[in-house]
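Residue-level listing of the chains:
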Amino acid sequence: MNNRVAVVGVGQTAFTRSCGVSIRELCFEAFKEAMEDAGNLSTKDIDASIICSAPEYDKQRSPSGLIAEYLGLTPKPTFLAEAVCASSSVGTRIGWSFIRSGLHQVVAVIGFQKMSELTSAESQERMLRGGDIMWESPFGAMMPAYYAMFARAHMNQYGTTEEQLAKVKVKSSKYSTMNPKAMYQKEITLEKALTSRVITSPLKLFDCCANADGASCMILAGEDVAKKITDTPVWIKGLGLASASMSLTGRKTISSLSCAVEAGKQAYERADLKPDDIDVAEVHDCFTIAEIMAYEDLGFCERGEGGKLIDGEETYIGGRIPVNVDGGLLSKGHPIGATGGSQIRTIVLQLRGEAGKTQVDGAETGLVHNIGGIGLYGSVIIFRR
Amino acid sequence: MGFGKFGEISYIAETKIADFVKHLEEGEIAATKCKACGRLYFPPRVDCIDCLSSDVEWIPLSGRGKLITYTTANFAPAGFEAPYTLALAELEEGVRVFTRMSKDVKQDEIELGMNVKLVPVRLDDERITYELKKA
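Residue positions are given per chain, counted from 1 along the sequence in the order it is written. The naming scheme follows written order: chains are lettered A onward, ligands numbered 1 onward. Local features in a predicted model are, by the rule used here, given only for residues with pLDDT of at least 70; side-chain atom pairs are given and counted only at 80 or more, and totals for whole chains, interfaces and linings are based on all residues.

Draft legend 1. Main features of the overall build of chain B. Working definition: helices are DSSP H or I runs of at least four residues, strands are E runs of at least two. Numbering for both runs from the N terminus. For chain B, the count of helices and strands is 1 helix and 8 strands. Ordered by position from the N terminus, the helices and strands of chain B form the series α-β-β-β-β-β-β-β-β. Relative to its length of 135 residues, chain B is compact, with a C-alpha radius of gyration of 15 Å against a globular reference of 14 Å. Taken over the C-alpha atoms alone, chain B extends approximately 45 × 35 × 25 Å along its principal axes. Put simply, a residue is buried when 20 or more other C-beta atoms lie within 10 Å of its own C-beta and exposed when 12 or fewer do; between those, it is partly exposed, and each C-beta is set from the backbone. The 135 residues of chain B split such that 32% are buried. We compute the radius of gyration over the C-alpha atoms and compare it with the globule rule, which gives 2.2 Å times the number of residues raised to the power 0.38.

This is how it looks when you write it as structure tokens:
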């Protein structure tokens, strides 16, 4: 049995509006990069694969088998992990469990989404059904509307401003220009963010992330094997996963995501670390308000102080806790099933000191916060070099 | 048509709480109450989380409540027509409702914490829904 599990290889495609290739080819790109990154590893060393994707975007039914075949991973076991936007974090937890149980030694976790396969109307219709289809979708609820309702409640309760929300986008756009794999390569000024059109009040165009195509891959290995594969394993120190009511009517608070608080608590406990110990973090900024809530839910600041944290540029490189220095979902793009794996890749590169222009000096401990749906599933994973 | 006529567009027609729509047509917003343990459910459901009983009775709600949060959508998913305001309110019985704010309520009148009233509203094509009005 392996007591420790490491990430030994990471890969990611560019995140784009429309990739122009099939899902099997998209996954191959990320897989190839992860295998080359791991170095001393061949396809036959992979004991199992977990394919992570949100349902109803693909024409291909049961894509896991098809993708495993295309990557040359048959006849090893493969299956699909699904938790909408948190799919590849959940896949990572499953891979970790496989290795800890002794069932497998080396596991590939591949996340992907090709959102351009649907028309915009089809995509909207699926987003709509991401809420409770019995009691919320019939009124025209949609992802941005839910987060707008969280934003309104947060602003009312804590005095958070539209300017503070816009500052999250300004930060993400700055760092996405330093990430060649990010979808948006242009800096957005505070004025431009603040004057963009209102999508659903108080959220504006630049408060929202965009649909994207992309794939991510990580190779996980047990301690004995990991040390033979690489000199720079990045260890999974603690995992947390939680769920919450899908319907807003079942939530006690609307200005926080309870699943993130619970997942964070589990991860900190298992890693025996505190929020202060985190050197660099990736959080699920599907909307600007989501990043502000994440600061608070993860304990990077006191409840209600999230707006002040971005005001003080404390989440920039050089600040107290750099967050989303790869551009985040807001500017890197959000191909649902690939997002968690992309966040993990960013943290792994940071902890290895290979993050280039966005390297946080001396980063030893990193955190990934990945949310599924409207705060339905929350995953927090802590890594250490 | 049963529950299939509830809301602007419905995605589900078959449910054990289809009678909710009958109550709505009679002008009543009804919750369910577990006959075994007394827990009140809104949105209504027949299956009790606490005692696993599926024996419930219908209890009319006053509809009076306070606004918790809202958003006015300028873009709508396929099949809906923007703009419209979505709102979450807490009713005086301690349960919450997610629905639309009536178009009668002007934007500058909407304030978190304001008193609201949940009322049944008939739509075209024999559809029925509920919405929040200013109380």
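Draft legend 2. Molecular detail of the domain arrangement of chain A. Residues and elements named next belong to chain A. Along its sequence, chain A is organised into domain 1 (5–119 + 212–233) and domain 2 (123–208 + 236–384). Contacts are defined on C-beta atoms placed from the backbone: any two residues whose C-beta positions lie within 7 Å are in contact. With 38 residues of domain 1 at the contact, the number on the domain 2 side is 34 residues. If you list the elements that add at least two residues to the side of domain 1 that touches domain 2, you get β1 (5–12), α3 (87–101), β4 (106–114) and β7 (213–222). Think of it as three bins: nonpolar holds Ala, Val, Leu, Ile, Met, Phe, Trp, Tyr, Cys and Pro, charged holds Asp, Glu, Lys and Arg, and polar takes everything else, Gly as well. In terms of residue class, the side of domain 1 that touches domain 2 is built from 21 nonpolar, 13 polar and 4 charged. The start and end points of each domain follow an automatic or database-based domain assignment.

Draft legend 3. Spotlight on the interface of chain A and chain B. Across the contact, 30 residues belong to chain A and 29 residues belong to chain B. Only α4 (120–128), α5 (143–158) and β5 (198–200) of chain A provide two or more residues apiece to the side of chain A that touches chain B.

Draft legend 4. Local environment of helix α6 (residues 162–176) of chain A. All names here are of chain A. An expected span of 1.5 Å times one less than the residue number is assigned to each helix. Here α6 is 15 residues long and its end C-alpha atoms lie 21 Å apart, about the 21 Å a rise of 1.5 Å per residue gives. Of the positions making up α6, those classed as buried are Q164, L165, A166, K167, V168, K169, V170, K171, S172, S173, Y175 and S176. Lining the buried residues of α6 we find α5, α7 (190–194), α10 (288–297), α11 (306–311) and α12 (328–332).

Draft legend 5. Molecular detail of the pairing of strand β7 (residues 115–122) of chain B. Residue and element names in this part refer to chain B. The pairing criterion for strands is at least two bridges between them, as found by DSSP. Looking at chain direction, strand β4 (residues 64–73) and β7 are connected through 3 bridges and run antiparallel. Of the residues in β7, the one forming a bridge with R64 is K117. When β7 meets strand β8 (residues 128–134), the two strands line up antiparallel, connected through 7 bridges. Counted as the bridge partner of P120 is Y130 from β8. Between β7 and β8, which pair antiparallel one after the other, the connecting turn spans 5 residues, and D125 there sits at a positive phi close to 55°.

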